[in-house]
Amino acid sequence: MKNNTTEGDTEAVEEERRINEMMKGLDSVDGKKITGNTIGSIISEDQLEIASSHYTSSSSSEESSVAGLGSKIVAEKQHAHKIAFLNKRILASSSTKQEISLENEEQKKRAEELQDEVHTKSSFNQRIISETEKLDSLETPENAAILKSLRSLVSLNESLRIQEVQFKANCKKQLAQLKELIASLEHSVPTDDDADRKKLVDDTLTSDQNKYSKIRQLLNKKNRDIVMVERKIDEVPSRTELMQYQRQFVDLYEQVASKLTETRQYYSTYNTLEDTRGVLAREVSILNSIHDNYNTAMSNKAMREKMLESMDVIVKSVIQNLEKEEGKFSRERKTNDD
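Every value quoted in this text rests on a predicted model; they were computed, and no experiment measured them.

### Some words on the overall build of the protein
Line of reasoning, step 1. In terms of helices and strands, the protein carries 7 helices and 0 strands.
Line of reasoning, step 2. Ordering the α and β elements of the protein from the N terminus gives α-α-α-α-α-α-α.
Line of reasoning, step 3. Looking at the protein as a whole, 13% of its 338 residues are labelled buried.
Line of reasoning, step 4. In the protein, 71% of the contacts between residues at least 6 apart in sequence involve partners at least 24 apart.
Line of reasoning, step 5. Element-wise, carbon and sulfur atoms account for 56% of the exposed surface of the protein, whose accessible area totals about 27500 Å².

Next comes the structure, spelled out in structure tokens:
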């Protein structure tokens, strides 16, 4: 009896170990796609373990008591219930995940459609603004009347488009109402009043369709007129525009010429000032040299005579530089006079 109790405890421990391993297998696939192969592998492994345990138990203790067999059957039933519960949980999780994935895809498609619609409307609005600015820039006294007529046609076109959209919406609304009315009439017993009402609905629908066709034809005609006027405006060159471009080019040339003359004057002034600075620097250097050597030269007669000779050379050099600069000045003045 003691051996049977020990075997029952061992089987309970093995059963608990198999359940824990199965739960670990489920945790390992948490967040991933649970497939039939995964479930099958978990169940197959558990079944193999059950068979192995059963085979070991039967081979090792063929002489087990009735109490030991009863505890094993209870443990196997508990294990089967746990497997069934886990299978149901897996199926419910898979169904919920599929529903959430489908809803996510639908929301993504809806968001993309809304984004495309916003982009289309923004592009259309930008094109309208660009075309309006283009028409405003082309306005001149010569084509003012044409542009005025074109603006009126564009306004009429936009008005017709708005009317068309409103008319379509109204038609759709009326069509839905008429379909509901037809569906209710189909389920009701026809009478003379119903026949008259149906005839009235058919006549109204035919009349509205004729009106829509006429409005559509009128809109197409106005669009063709607008396209023809735009082509005429683009093909005919404007004399006023050409004159404006000519004046702009002349003004630009004068500005460039004035800037060039001003730049040359700056260069000439810079060169003159640079030459003046050089001459003054040399004069300052000479005066500093004379000042530094004056006391030494005056103390000795030979040094004084040598200093006088040096000053004569300096005076001659200054005279030569003066003559050279006067010659350059004369040539520059002659060039400017010519």
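On we go.
### Regarding the packing of aromatic side chains
Line of reasoning, step 1. Applying the stated criterion to the full structure yields 1 aromatic pair.
Line of reasoning, step 2. When the centroid spacing of 5.8 Å and the interplanar angle of 10° are considered together, the rings of phenylalanine 167 and tyrosine 212 count as stacked. One end of the pair, phenylalanine 167, is in helix H4 (residues 144-186); the other, tyrosine 212, is in helix H5 (residues 192-235), and 45 residues separate them in sequence.
Line of reasoning, step 3. On the accessibility criterion, phenylalanine 167 (16% relative accessible area) is buried.

### As for the pattern of salt bridges
Line of reasoning, step 1. What the rule picks out here adds up to 5 salt bridges.
Line of reasoning, step 2. With a closest N to O distance of 3.7 Å, glutamate 158 and arginine 161 form a salt bridge. Pair noted here: glutamate 158 and arginine 161 are both in helix H4, with a separation of 3 residues, about one helical turn.
Line of reasoning, step 3. For glutamate 158, a relative accessible area of 27% translates into the label partly exposed.
Line of reasoning, step 4. Judged by relative accessible area, which is 33%, arginine 161 ranks as partly exposed.
Line of reasoning, step 5. The salt bridge partner of glutamate 164 is arginine 216, with a shortest N-O separation of 2.4 Å. One end of the pair, glutamate 164, is in helix H4; the other, arginine 216, is in helix H5, with 52 residues separating them in the sequence.
Line of reasoning, step 6. The class of glutamate 164 is buried, set by a relative accessible area of 11%.
Line of reasoning, step 7. For arginine 216, a relative accessible area of 35% corresponds to the partly exposed category.
Line of reasoning, step 8. Within the structure, one salt-bridge network assembled from shared partners comprises Glu164, Lys168 and Arg216.

### Things to note about the environment of arginine 239
Line of reasoning, step 1. Summarising the element assignment, arginine 239 is placed in helix H6 (residues 239-298).
Line of reasoning, step 2. Linking arginine 239 and threonine 140, residues 99 residues apart in sequence, is a C-alpha distance of 9.6 Å.

### What to know about the confidence of the model for the protein
Line of reasoning, step 1. Considering every residue of the protein, the mean pLDDT works out to 76; 76% of them sit at 70 or more.
Line of reasoning, step 2. For residues 26-66, every residue scores under 50 in pLDDT, and the model assigns this stretch 34 contacts once sequence neighbours within four places are set aside.

### Quick notes on the nonpolar core
Line of reasoning, step 1. By size, the foremost hydrophobic cluster in this structure holds 5 residues: Leu147, Leu150, Leu153, Ile226 and Ile233.
Line of reasoning, step 2. Elements that contribute at least two residues to this core include exactly H4 and H5.

### Some remarks on a negative patch on the surface
Line of reasoning, step 1. On the surface, a cluster of negative charge is contributed by Glu105, Glu112, Glu113 and Asp116.
Line of reasoning, step 2. With respect to the element layout, glutamate 112 can be found in helix H3 (residues 66-138).

### Brief notes about the environment of arginine 197
Line of reasoning, step 1. Mapped onto the elements of the fold, arginine 197 is located in helix H5.
Line of reasoning, step 2. Sequence-distant contacts of arginine 197, that is, excluding residues within four places in its chain, are made with Leu181 and Leu185.

### Thoughts on a positive patch on the surface
Line of reasoning, step 1. On the surface, Arg282, Lys324, Lys328 and Arg331 cluster together to form a positively charged patch.
Line of reasoning, step 2. In terms of residues, the positive patch owes the most to one element, helix H7 (residues 301-337), which gives 3 residues.
Line of reasoning, step 3. Exposure remark for lysine 324: the relative accessible area of 57% places this residue in the exposed category.

### Quick word on a nonpolar patch on the surface
Line of reasoning, step 1. A cluster of nonpolar side chains, contributed by Leu242, Tyr245, Phe249, Leu252 and Val256, occupies part of the molecular surface with about 560 Å² of accessible area.
Line of reasoning, step 2. Tracing the sequence through the fold places valine 256 in helix H6.

### Points about H4
Line of reasoning, step 1. Spanning 43 residues, H4 covers 61 Å between terminal C-alpha atoms, matching the ideal 63 Å at 1.5 Å per step.
Line of reasoning, step 2. Every buried residue of H4 is accounted for by Leu147, Leu150, Leu153, Asn157, Leu160, Glu164 and Phe167.

Calculation criteria
- Residues numbered from 1 in each chain as written.
- Predicted model: local features only at pLDDT ≥ 70, side-chain atom pairs only at ≥ 80, totals over all residues.
- Heavy atoms only, no water.
- Helix = DSSP H or I, 4+ residues; strand = E, 2+ residues; numbered from the N terminus.
- Buried < 20%, exposed > 50% of the residue type's maximum accessible area, 1.4 Å probe, protein only.
- Contact = heavy atoms within 4.5 Å.
- Areas by Shrake-Rupley, 256 points an atom, 1.4 Å probe, with all protein chains shown as cover.
- Phe/Tyr/Trp six-rings, centres within 6.5 Å; stacked < 30°, edge-to-face > 60°.
- Salt bridge = Lys/Arg side-chain N within 4 Å of Asp/Glu carboxyl O.
- pLDDT = per-residue confidence, 0-100.
- Core = buried A, V, L, I, M, F, W, Y, C linked by side-chain atoms within 4.5 Å.
- Patch = residues over 30% accessible without salt bridge, like charges linked within 9 Å, V, L, I, M, F, W, Y side chains within 5 Å.
- Lys, Arg positive; Asp, Glu negative; His and termini not counted.
- Charge placed at Lys NZ, Arg CZ, Asp CG, Glu CD.
- Expected span 1.5 Å × (residues − 1).

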